[in-house]
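Breakdown of the fold
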Amino acid sequence: MKQFKYVLLGSGVVAGYAAQEFAQQKTGKGQVAIVTADETIPYDRPPLSKQFLAGEAQRKDILINDASFYKKHGIEVLTGHPVVKVDLRQKKLRCKPGGEIRFEKLLIATGSEVRALKIPGADLKNIFYLRLLRDSEAIRKQIKKDARAVVIGSGFIGMEVASVLARKGVKTTMVFRGGRVWESFFTPAISGFFQDYYRKRGVSILTEDRVIGFHGKDTLEEVELESGERLPADFVVAGIGVEPGSSLVEGTGLKLDDGIVVNEFLETSIPNVWAAGDVARFPDAVFGKQRRIEHWDNAVEQGRVAVRNMIGRPQPFIHVSYFFSDEFDLSWEFWGDTEEHDEVVYRGDLKQGKFSAWWLNKGRLMAALVLDRPEEERVMAPKWIMQCRVLNPAILRNEKRSLAELETKDAVAEKPELTFV
């Protein structure tokens, strides 16, 4: 049996950056352990669908900290320790193999799990999902010029993987149920821009269709669509969403609701147990509602804040959610939440791929997407969202008007009060 004061369950982004915070806070050697079924020390996830998948980065390049970091700070990383039972009342984890691990305080960072296709032929070889390092490595082995790939889904994973494959000479087809790419997030104008951009770079896009079966002997040969079309394919990458990785803690007494429910300090319903990252459903202080966010930046910041609370330095999690994406030679960034908006204002030129979009609710800035725009837009977007700024749409959309004008008193209304719902 091993015993630690602080245990991090999971070895993803939360664990890697939480380890940095423990080191910075000088918690002492031998106090902290990371417990994971993975055979690899914590690594960043974004490169798995970008540089690493493209062969432009290697394993060592995506590690959050190298092995010497953990050794220097006395943080034990127990890889190859799959947890089969969690007992939060007795404060212990049972690993098989690995035995029992006891803790005083626990941070659950089990991330999310990919949704799998449940259709005929889904067990054939060369059908991939992308979540872990080994997934990206397996897909990377399939990338050959003139290979044929079908990408299912048009969200984060679908768009990034399709762009890497096409850029590497793979004949790529995207298939998804919606009428346009990332319909749940992009506006019609933004979807239109990206669809045109992808098609000009050789990606075939099939909208309002879905995959109903795979065909082949042992290995994939064809993808069958609901429309009746059959697509020859050497491999498939399915990006159809994820579920919170909370199955391990079901029945432990934790409050669950689309993830592990935490308070503003990221503490769960059981004392001395915290949760962070994809698995945590938390009260968003900026928007006054419960949210669960599946992005790198959220995992990084929540991991750091959770550690401060674990060591007795209370800090609520107050943060403007952020994510970024790279497709072909485009890089864009997004802040906020688009769910409750009544207007979208654009600056720049969508056709040229130099634009920003600003989601407003009665003038209050809710979210912003920035692609190849002046630096001031990147600076002002998260600042204004955090401040709950109410903006003048006419000034915002007028390219001849500087954003600095929106800082003036006559262009900004009073900050509304926010309450949790």
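Residues numbered from 1 in each chain as written. Predicted model: local features only at pLDDT ≥ 70, side-chain atom pairs only at ≥ 80, totals over all residues. Heavy atoms only, no water.

1. Some thoughts on the sheet that holds strand S8 (residues 127-129)
- Pairing within the open sheet is parallel, and its 5 strands lie in the order S8-S15-S9-S10-S11. Looking at which strands have only one partner, the edges of the open sheet turn out to be S8 and strand S11 (204-206). Shown here is a sheet whose adjacent strand axes are inclined to one another by a mean of 20°, direction ignored.
- Where strand S9 (residues 148-152) lies against strand S15 (residues 235-238), 4 bridges are found, and the strand directions are parallel. Note on S15: the bridge partner recorded for Ile-152 is Ala-238. (Pairing = 2+ DSSP bridges. Helix = DSSP H or I, 4+ residues; strand = E, 2+ residues; numbered from the N terminus. Axes fitted to C-alpha atoms, helices over the stretch in contact; angles between N-to-C directions.)

2. As for helix H6 (residues 188-200)
- With 13 residues, H6 should reach 18 Å at 1.5 Å per residue; the first-to-last C-alpha distance of 18 Å fits that figure.
- Within H6, burial applies to Ile-190, Ser-191, Phe-193, Phe-194, Gln-195, Tyr-197 and Tyr-198.
- Within two residues after H6, Gly-202 carries a phi angle of roughly 95°, on the positive side. (Expected span 1.5 Å × (residues − 1). Buried < 20%, exposed > 50% of the residue type's maximum accessible area, 1.4 Å probe, protein only.)

3. Considerations on the nonpolar core
- Ranked by internal contacts, the top residues of the largest apolar core, which has 56 residues, are Leu-93, Leu-106 and Leu-107.
- For this core, the leading source of residues is helix H1 (residues 13-24), giving 8 residues.
- Those residues in contact with Leu-107, other than ones at most four positions away along the chain, are Val-7, Leu-8, Leu-9, Val-14, Ala-18, Trp-274, Ala-275, Ala-276, Ala-306 and Met-310.
- Counting 50 residues, the second-largest nonpolar core is a separate cluster that includes Phe-185, Trp-332, Phe-334 and Trp-359. (Core = buried A, V, L, I, M, F, W, Y, C linked by side-chain atoms within 4.5 Å. Contact = heavy atoms within 4.5 Å.)

4. So, the sheet that holds strand S19 (residues 280-284)
- Pairing is mixed in the open sheet, where 3 strands are placed in the order S17-S19-S20. Where the open sheet ends on each side, the last strands, each with one partner, are strand S17 (260-261) and strand S20 (289-291).
- As defined by bridge partners, S17 adjoins S19 across 2 bridges and the pair is classed as parallel. For Ile-260, the partnering residue across the bridge sits in S19 and is Ala-280.

5. Regarding the confidence of the model for the protein
- With 97% of its residues at a pLDDT of 70 or more, the protein shows a mean pLDDT of 95.
- Scored below 50 in pLDDT, residues 412-421 shows 25 contacts in the model against residues more than four places distant or in partner chains. (pLDDT = per-residue confidence, 0-100.)

6. Notes on the environment of Ser-154
- Counting through the fold element by element, Ser-154 comes out in the loop between S9 and helix H5 (156-167).
- Of note is the side chain of Ser-154, whose polar atom sits 2.8 Å from the backbone nitrogen of Trp-182. (Polar contact = N/O pair within 3.5 Å; in protein donor to acceptor, adjacent residues only side chain to side chain.)

7. Overview of the environment of Gly-245
- Within the secondary structure, Gly-245 sits in the loop between strand S16 (242-244) and S17.
- Exposure remark for Gly-245: the relative accessible area of 4% places this residue in the buried category.
- The sequence separation of Gly-245 and Asp-258 amounts to 13 residues, and the corresponding C-alpha distance is 9.7 Å.
- Setting aside residues no more than four positions away along its own chain, Gly-245 makes contact with Thr-110, Gly-111, Ser-112, Glu-113 and Val-279.

8. With respect to unusual backbone geometry
- The omega torsion across Lys-96 and Pro-97 is 0°, close enough to zero to call that bond cis.
- Of note, Pro-97 is situated in the loop between strand S5 (92-95) and strand S6 (99-108).
- You will see that Lys-91, though not glycine, has its phi angle at about 55°, which is positive.
- You can see Lys-91 is positioned in the loop between strand S4 (83-87) and S5.
- Unlike most non-glycine residues, Trp-182 shows phi in positive territory, near 45°.
- Among the residues examined, Trp-182 registers a relative accessible area of 11% and is labelled buried.

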